[in-house]
Amino acid sequence: MKRKKITSAVLFAVSGILLTAFAVKICIDGAYYLQTVNSAPFILQAAVNALGFAAPSAIAAGAALFTLRRTRALGIVSAVLWALSVLTVAVTTLNYGNAASGFVDGLLYALPFSLAAIVDTVLALISRRRSPKTEV
């Protein structure tokens, strides 16, 4: 039992470090971003950072919750990630003049959250199916 607590604590720490690095990287990129120099929009840089930092952070947190058998919390994390995916697509679609182009870009920007949501949803489903008596 103690090993599970240590494992989950390490996974939560990794998740926190990744989220902190994501926030710092976004702030640094935002401070030095010049639209006249960069051909890519800033949201694309944010999406790439989300793929590198936020998605693994959500997966690490989901794995920690899975280790602790916190099925309800894992379900909430999955629901939040799915909501972020849908919100990203909706905001990007509404923000563009061309709806089709905005929708496609929104799908691209929502990819990190969607991938993390899929992993956390699978972990939640597995956690619900595991019987509580099988552990020593």
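Refer to the structure presented above.
Residues numbered from 1 in each chain as written. Predicted model: local features only at pLDDT ≥ 70, side-chain atom pairs only at ≥ 80, totals over all residues. Heavy atoms only, no water.

A.B. asks: I'm lost on the overall build of the chain in this one. Help?
C.D. replies: In terms of helices and strands, the chain carries 4 helices and 0 strands. Element order for the chain, N to C, with α for helix and β for strand: α-α-α-α. Along the first, second and third principal axes, the C-alpha atoms of the chain reach 60 × 30 × 15 Å. When burial is assessed residue by residue, the chain has 32% of its 136 residues classed as buried. Expressed as a percentage of contacts within the chain between residues at least 6 apart in sequence, the contacts between residues at least 24 apart total 71%. For the chain, the accessible surface area stands at approximately 8,500 Å², while carbon and sulfur atoms represent 73% of it. (Helix = DSSP H or I, 4+ residues; strand = E, 2+ residues; numbered from the N terminus. Buried < 20%, exposed > 50% of the residue type's maximum accessible area, 1.4 Å probe, protein only. Contact = heavy atoms within 4.5 Å. Areas by Shrake-Rupley, 256 points an atom, 1.4 Å probe, with all protein chains shown as cover.)

A.B. asks: Help me understand unusual backbone geometry in this model?
C.D. replies: Only a minority of non-glycine residues have a phi that is not negative, and only a minority of peptide bonds are not trans. Positioned with a positive phi, Arg-69 is a non-glycine residue whose angle comes to about 60 degrees. One can find Arg-69 in the loop between helix H2 (42–67) and helix H3 (71–95). Its relative accessible area of 25% is what places Arg-69 among the partly exposed residues.

A.B. asks: Help me understand the packing of helix H1 (residues 2–32) against H2 in this model?
C.D. replies: For any two helices packed against each other, the geometry is given by the interaxial angle and the distance between the axes. Running from N to C, H1 and H2 point in directions that differ by 170 degrees, and their axes come no closer than 8 Å. Taken together, H1 and H2 sit at an angle that is classed as roughly antiparallel. In terms of residue class, the contact of H1 with H2 is made up of 19 nonpolar, 8 polar and 3 charged. (Axes fitted to C-alpha atoms, helices over the stretch in contact; angles between N-to-C directions. Parallel < 35°, antiparallel > 145°, perpendicular 65-115°, else oblique. Nonpolar A, V, L, I, M, F, W, Y, C, P; charged D, E, K, R; others polar.)

A.B. asks: How should the environment of Ala-58 be read in this particular structure?
C.D. replies: As for its position among the elements, Ala-58 is in helix H2. The spacing of Ala-58 and Ala-47 is 11 residues in sequence and 15 Å in space, taken between C-alpha atoms. Setting aside residues up to four positions removed in sequence, Ala-58 forms contacts with Leu-81, Ala-116 and Asp-120.

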